[in-house]
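Survey of secondary and tertiary structure
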Amino acid sequence: MSPFPTRLLGDDEEVVLDLHPHWKGLVVPAMLLPVVAGVASYLVFLVPDGSVRAPLRWAILALALVLLARWSVWPLLKWLTTRYVLTNRRVVIRTGVLSRSGRDIPLTRVNDVSFRHGIVERILRCGTLTIESAGEHGQVVLPDVPSVELVQRQVLSRAQEESLRAARQSDAGRS
């Protein structure tokens, strides 16, 4: 995993947090890998001798690969290509495997940051982060944020710092 590219940062902008969604979303896809491989292997060796043996084995193999591609590889690719980045100036969200989408929220426009997590998420120290911003789209919901309480505090803290910096810069411009 590579860090957030510095070429995408503005002047005097630093990365504070660079996160992927919580690893809990990879547990089932990872457990599916040995199950599908085991069942496919068993079925391949269960095929009786005869003229349909080779095509049937190839069909079992193809089905196993399709299942793994859809329910193991695809979730891993989605996890790898989803990023939640907090800089000292903005919150950056990037998602997408084949097509990409992104959203940047300037910290000066952040009105409220809240989180929620159920009992399982609390045990795993992750949750859903909701960022309210003054703008056209208003609210961003980020699911499966690791260390969600820490991230919430960091976003609020950085938003306050950025607002103070912007106010000082505005006052200096008037003088």
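Read on for an overview of the structure. Because the structure is predicted, anything quoted here is derived from the model rather than measured.

Here we take up the overall build of the chain. Secondary structure summary: the chain contains 4 helices and 7 strands in total. The N-to-C order of helical and strand elements in the chain reads β-α-α-β-β-β-β-α-β-β-α. Taking all 175 residues of the chain together, 31% fall into the buried category. Summarising the internal contacts of the chain: among those between residues at least 6 apart in sequence, 51% fall at separations of at least 24. Total accessible area on the chain is roughly 11200 Å²; 61% of this is exposed by carbon and sulfur atoms. On the chain, the mean spot of the 21 positive side-chain charges and the mean spot of the 16 negative ones are 6 Å from each other.

Turning to the pairing of strand β4 (residues 101–106), a few remarks are in order. Bridge count for strand β3 (residues 90–95) against β4 is 6 bridges, and the pairing is antiparallel. Residue pairing in the sheet places threonine 95 in a bridge with serine 101 of β4. In this antiparallel pair of consecutive strands, β3 and β4, the connection spans 5 residues, and glycine 96 shows a positive phi of 120°.

Attention shifts here to the pattern of salt bridges. Per the counting criterion, the structure on display carries 10 salt bridges. As a salt-bridge pair, arginine 94 and aspartate 104 come within 2.8 Å of each other at their nearest N and O atoms. Of this pair, arginine 94 sits in strand β3 while aspartate 104 sits in strand β4, and the two are 10 residues apart along the sequence. Aspartate 104 gets classed as partly exposed once you look at its relative accessible area, which sits at 33%.

This next bit is on helix α4 (residues 148–174). Helix length check: α4 (27 residues) gives 39 Å between terminal C-alpha atoms against 39 Å at 1.5 Å per residue, within 8%. Within α4, the full set of buried residues consists of Val148, Val151, Gln152, Val155, Ala159 and Glu162. As for α4, its buried residues are in contact with β1 (15–19), β2 (83–87), β3, β5 (110–116), β6 (126–133) and β7 (139–146).

This part covers the pairing of β7. Strand direction decides the pairing type here: β6 and β7, joined by 6 bridges, are antiparallel. Paired with glutamate 132 across the strands is glutamine 139, a residue of β7. Hairpin geometry of β6 and β7 is characterised by an intervening segment of 5 residues between the two adjacent antiparallel strands and by a positive phi of about 70° at glycine 138.

Counting 19 residues, the largest nonpolar core has Val91, Leu129, Ile131, Leu142 and Val145 as its most contacted members. When contributions to this core are tallied by element, the ones reaching two or more residues are β1, β2, β3, β5, β6, β7 and α4. The next biggest cluster of nonpolar side chains, apart from the first, holds 7 residues, and it includes Ala40, Ile60, Ala64 and Leu68.

This paragraph deals with the sheet that holds β7. Across a sheet, paired strands are connected by hydrogen bonds in the backbone, their directions being either parallel or antiparallel. The antiparallel open sheet is built from 3 strands, whose spatial order is β5-β6-β7. With partners counted over all chains shown, the strands left at the sheet margins are β5 and β7, one partner each. If you compare each strand with its neighbour and ignore which way they point, the axes differ by 20° on average. Each of β5, β6 and β7 touches α4; the most contacted strand, β5, lies at about 170° to it.

This paragraph deals with the environment of tryptophan 71. Looking at where tryptophan 71 falls in the secondary structure, it is placed in helix α2 (residues 53–80). Here the alpha-carbon distance between tryptophan 71 and proline 29, two residues 42 residues apart in the chain, equals 5.8 Å. Tryptophan 71 has contacts with Pro29 and Leu32, leaving out every residue within four places of it along the chain.

What counts, and at which threshold
- Residues numbered from 1 in each chain as written.
- Predicted model: local features only at pLDDT ≥ 70, side-chain atom pairs only at ≥ 80, totals over all residues.
- Heavy atoms only, no water.
- Helix = DSSP H or I, 4+ residues; strand = E, 2+ residues; numbered from the N terminus.
- Buried < 20%, exposed > 50% of the residue type's maximum accessible area, 1.4 Å probe, protein only.
- Contact = heavy atoms within 4.5 Å.
- Areas by Shrake-Rupley, 256 points an atom, 1.4 Å probe, with all protein chains shown as cover.
- Lys, Arg positive; Asp, Glu negative; His and termini not counted.
- Charge placed at Lys NZ, Arg CZ, Asp CG, Glu CD.
- Pairing = 2+ DSSP bridges.
- Salt bridge = Lys/Arg side-chain N within 4 Å of Asp/Glu carboxyl O.
- Expected span 1.5 Å × (residues − 1).
- Core = buried A, V, L, I, M, F, W, Y, C linked by side-chain atoms within 4.5 Å.
- Axes fitted to C-alpha atoms, helices over the stretch in contact; angles between N-to-C directions.

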